[in-house]
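Here's the letter readout for the chains.
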Amino acid sequence: MPTISSKVQSLISEQIISGHFPPGTKLDERWLAEQYKVSRTPVREALRQLAARGLTQIVPMRGVIVMQIGIKELSEILHANCELEALCARLAAESMTTMEKAELEYVHQRTKEFVNQNDIDGYLEANREFHRLILEGAHNEVLGKLVGDIRERLSPYRQYHPAENDRLVTSHVSHDEIVKAIVEGDGEQAYLAMRAHNAHLGNAALRALRQARENAAQAVDAQDA
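Below is a short write-up of the structure. (Residues numbered from 1 in each chain as written. Predicted model: local features only at pLDDT ≥ 70, side-chain atom pairs only at ≥ 80, totals over all residues. Heavy atoms only, no water.)

### Focus on unusual backbone geometry
Our working rule: Helix and strand definitions follow DSSP, with helices as H or I runs of at least four residues and strands as E runs of at least two, each counted in order from the N terminus. Only protein chains enter the accessibility calculation, which uses a 1.4 Å probe; a residue is then buried when its area is under 20% of its type maximum, exposed when over 50%, and partly exposed in between.
With a phi angle near 55°, Lys37 is a residue other than glycine that sits in the positive phi range. Positionally, Lys37 belongs in the loop between helix H2 (29-36) and helix H3 (40-53). In this structure Lys37 comes out as exposed when scored by relative accessible area, which is 73%. The residue Met61 is not glycine, and still its phi comes out positive at about 75°. With respect to the element layout, Met61 can be found in the loop between strand E1 (56-59) and strand E2 (63-66). Using a relative accessible area of 87% as the deciding quantity, one classes Met61 as exposed.

### Topic: the pattern of salt bridges
Worth spelling out the cut-off: Salt bridges are identified by distance alone: a Lys or Arg side-chain nitrogen within 4 Å of an Asp or Glu carboxyl oxygen.
On inspection of all chains with the given rule, the structure shows 12 salt bridges. One salt bridge in this structure joins Glu125 and Arg128, with 2.7 Å as the shortest N-O distance. Here Arg128 and Glu125 lie together in helix H6 (residues 120-137), a separation of 3 residues that amounts to about one turn. Overall, Glu125 belongs to the partly exposed group, its relative accessible area being 47%. With a relative accessible area of 42%, Arg128 lands in the partly exposed category. Between Lys180 and Glu184 there is a salt bridge, with its nearest N and O atoms 3.0 Å apart. With respect to burial, Lys180 and Glu184 carry one shared label: exposed. Taken together, the salt bridges that share partners define one network made up of Glu29, Arg40 and Arg44.

Listed below in structure tokens is the structure:
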């Protein structure tokens, strides 16, 4: 179950990514606690995690301010993740043990329950476990850590898909193809399925992000008019 700090982190992430909190905005701990009706402790932890993800920066004498990954840079990071995690899926298909494959199937089945319940928080947690098992199943610590770090940096952006209402169903269907290929030991198909899965999610995130930032810019222009 998500903690209070993780929920606050998600709320602040969405505000940053959508452009509601523009680059350079100072994030006041007390004000945020009042806005989200929580104590300052979970806000402080959320801001610390956001800094670790590169969404905010702790500046001496100023506090926490908003950073921003540009569309071009985000696109390049998404492309790198797309190819590297697809490689992990290929290696997992070739080297996962029978028990590891069974665990992957079990977690995949759990995500279906969250899809049926439209439980986004539950699905996202199970989804992280699903991808973690594939990274570990590749049995390449260097590659697994690299992809894990990239996924952590991208997670706020990839979760921001307000324009895609059926994304849980779509994501689970593409997971079906990934699991099938890995269980059958088909490395090439696992590679292609994972790459297609990540490409779809990445493109959806970029479309939503562009639209959100256009809307935020139009709102600012309207206020200045």
